[in-house]
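A closer look at the structure
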Amino acid sequence: MTLISPSGTTLDLSSDNGGAGDNFTNTVFIDGGAPITGGAAPFTGMFAPEGGTFAATFDGESIAGDWVLSICDDAGGDIGTLNSYCINFDVSAAPGVPNDI
C-alpha cells in the first residue's frame, strides 16, 4: 500500500504484511503509531507507515489535488477488495506559516 501525493511523492504504508483473509480492518496509519511489521492481521489499530513519517515525506507539499492510495497484491492465487478508505489532513501550521489548501 502506497500513498501518492498530487505532486507524485510516495510513502510506503505497508509492504508484504498479512496473508489470506481480511488483513487490514479499521487500520489507521499515523505518525507515531506502532510498527506495522510488529503487528498481525487484521492490523486493527494505529500503525506507523512502513516507509517513514507523513510529516517528513510530505513536508512542504500542498494538500490540494488528487491523492492516490495504490494497492498491489503481489501474491498469486488470491484476490482482495478495498471496501473503503479515507484520508484526513491536519492543516495547522507553525505561527507565521500560511496553510496551502
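In this report, the structure presented in the accompanying data block is examined. Just so it is clear, the structure is predicted and the values come from calculations on it, not from any experiment. (Residues numbered from 1 in each chain as written. Predicted model: local features only at pLDDT ≥ 70, side-chain atom pairs only at ≥ 80, totals over all residues. Heavy atoms only, no water.)

On to the overall build of the protein, then. Check the secondary structure of the protein and you find 1 helix and 5 strands. Reading the protein from its N terminus to its C terminus gives the helix and strand order β-β-β-β-α-β. The burial tally for the protein puts 16% of its 101 residues in the buried class. When contacts within the protein are restricted to residue pairs at least 6 apart in sequence, those whose partners lie at least 24 apart make up 43%. By element, 53% of the accessible surface of the protein is carried by carbon and sulfur atoms, the whole surface being about 6800 Å². (Helix = DSSP H or I, 4+ residues; strand = E, 2+ residues; numbered from the N terminus. Buried < 20%, exposed > 50% of the residue type's maximum accessible area, 1.4 Å probe, protein only. Contact = heavy atoms within 4.5 Å. Areas by Shrake-Rupley, 256 points an atom, 1.4 Å probe, with all protein chains shown as cover.)

An order of β2-β1-β5 is seen for the 3 strands of this open sheet, with the pairing classed as antiparallel. Because the sheet does not close on itself, it has two edges, and the strands there are β2 (10–12) and β5 (68–70). Ignoring strand direction, the axes of neighbouring strands in this sheet form an average angle of 20 degrees. Taken together, the 3 bridges between strand β1 (residues 2–4) and β2 define a ladder with antiparallel strand orientation. Among the inter-strand pairings, Ile4 is bridged to a residue of β2, identified as Thr10. (Pairing = 2+ DSSP bridges. Axes fitted to C-alpha atoms, helices over the stretch in contact; angles between N-to-C directions.)

Turning next to a negative patch on the surface. On the surface, Asp16, Glu50, Asp73, Asp74 and Asp78 cluster together into a negatively charged patch. By the secondary structure assignment, Asp74 is in the segment after β5. For Asp74, a relative accessible area of 59% puts it in the exposed group. (Patch = residues over 30% accessible without salt bridge, like charges linked within 9 Å, V, L, I, M, F, W, Y side chains within 5 Å. Salt bridge = Lys/Arg side-chain N within 4 Å of Asp/Glu carboxyl O. Lys, Arg positive; Asp, Glu negative; His and termini not counted. Charge placed at Lys NZ, Arg CZ, Asp CG, Glu CD.)

Per the counting criterion, the structure on display carries 5 aromatic pairs. Note on Phe24 and Phe43: the rings are 5.0 Å apart at their centroids and 20 degrees apart in plane angle, and the pair reads as stacked. You can see Phe24 sitting in the loop between β2 and β3 (27–35) and its partner Phe43 sitting in the loop between β3 and β4 (45–48), a full 19 residues away along the chain. Three or more aromatic residues joined by ring pairs make a cluster, and in this case those are Phe54, Phe58, Trp67 and Phe89. (Phe/Tyr/Trp six-rings, centres within 6.5 Å; stacked < 30°, edge-to-face > 60°.)

With respect to the secondary-structure elements, Ile71 resides in the segment after β5. Taking C-alpha positions, Ile71 is 9.9 Å from Leu13, a pair spaced 58 residues apart along the chain.

As for its placement among the helices and strands, Gly39 is situated in the loop between β3 and β4. As for Gly39 and Asn17, which are separated by 22 residues in sequence, their C-alpha atoms are 8.8 Å apart.

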